[in-house]
Amino acid sequence: MRLSKRIHTIMWIALILIILLYVIPIPINKTFDAIEIKLDNPSYIVPCKIKVYGKYYKNLFTDDFFNGHIIVSNYKLTNEKMRKVYFLKDGCPLEYYYDTGRYDSYGYKIYQEYILGHLYSKTWFRRMTISVYRNNALNKEGNGKINGDWGDWSTIDGYCIVTNATTREEAINILLKNKVIP
């Protein structure tokens, strides 16, 4: 009887460890209201929406990650495919890519890659902010497929997209809490 109880206990422990080590994707489909601000221009406030859909991977021993789409209403390039997003303390680049319709000399498709900026967020997209690289503001009017440098981001004159904010002051407070700006 004791051996059976020990085997039963060991099996339960093994099952729990397998569940804890195995990453289960969780579907997510949310739309967030946000505003875009420019840090050096108090009159620049543009309302936007951020749609997030795909699979969220919650990990106990490593960083969580998201595989799917993050679409920002004012940026057409965000309608393209995107790379995985990792929930890192220092943020994660939002990288998008699209099929150019061309092939290399080996017959592989050629993709063009774009980086919107950096995503800063707590787990499950709580307190999400995006620091938009400087030249991406030009992509709002175009088709998002502009070649060249995307610029960089500055804590002095950078563009930021902030969820759960309706005023510039709320957005600045969220950026300070998330340590995006000093």
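Right above here is the structure, for reference.
The paragraphs below set out a description of the structure included in this document. These figures come from a predicted structure and were not determined experimentally.

Reading the values: the criteria
- By convention here, each chain's residues receive numbers from 1 onward along its written sequence.
- Per-residue local features of the predicted model are confined to residues with pLDDT of at least 70, and side-chain atom pairs are confined, for both listing and counting, to 80 or more; whole-chain, interface and lining totals are unaffected and use all residues.
- Side-chain figures throughout are based on the complete set of non-hydrogen atoms in the structure, without hydrogens or water.
- Salt bridge, as used here: a side-chain nitrogen of Lys or Arg that lies within 4 Å of a carboxyl oxygen of Asp or Glu.
- Runs of H or I in DSSP of at least four residues are treated as helices and runs of E of at least two as strands, each being numbered from the N terminus.
- Buried residues are those whose accessible area, probed at 1.4 Å on protein chains only, stays under 20% of the maximum for their type, while exposed residues exceed 50% and partly exposed ones sit between those limits.
- Within the patch definition used here, like charges are joined within 9 Å and nonpolar side chains (Val, Leu, Ile, Met, Phe, Trp, Tyr) within 5 Å, considering only residues with over 30% relative accessible area and no salt bridge.
- For accessible areas, the Shrake-Rupley method is used with a probe of radius 1.4 Å. Any residue's cover is judged against the shown protein chains and nothing else.
- His is not counted, nor are the chain ends, whereas Lys and Arg count as positive and Asp and Glu as negative.
- We put the charge of a Lys on NZ, of an Arg on CZ, of an Asp on CG and of a Glu on CD.
- Between any two strands, at least two bridges found by DSSP are needed for them to pair.

**A short note on the pattern of salt bridges**
Moving on, step 1. Applying the stated rule across the entire model yields five salt bridges.
Moving on, step 2. Of the charged contacts in the structure, one is a salt bridge between Asp33 and Lys49, with a shortest N-O distance of 2.3 Å. With Asp33 in strand β1 (residues 25-38) and Lys49 in strand β2 (residues 41-57), the pair connects residues that are 16 residues apart, well separated along the chain.
Moving on, step 3. Here Lys49 falls in the partly exposed class, since its relative accessible area comes to 44%.
Moving on, step 4. Linking Arg83 and Glu95 is a salt bridge whose minimum nitrogen-to-oxygen distance equals 3.8 Å. Of this pair, Arg83 sits in the loop between β4 (81-82) and β5 (85-86) while Glu95 sits in strand β6 (residues 92-103); the two residues are 12 residues apart in sequence, bridging distant segments of the chain.
Moving on, step 5. One salt-bridge network, held together by shared partners, links Arg83, Glu95 and Glu113.

**Remarks on a positive patch on the surface**
Moving on, step 1. Taken together, Lys89, Lys122, Arg126, Arg127, Lys177 and Lys179 make up a surface patch of like positive charges.
Moving on, step 2. With respect to the helices and strands, the residue Lys179 is situated in the segment after α2 (168-177).

**Re the pairing of β2**
Moving on, step 1. Pairing between β1 and β2: 14 bridges, direction antiparallel. Each residue of the ladder has a partner; that of Ile35, found in β2, is Pro47.
Moving on, step 2. Remark: two residues form the turn of the hairpin made by β1 and β2, two consecutive strands paired antiparallel.
Moving on, step 3. Alignment of β2 against strand β3 (residues 65-72), held across eight bridges, turns out to be antiparallel. Residue pairing for β3: Tyr57 is matched across the bridge by Phe65.

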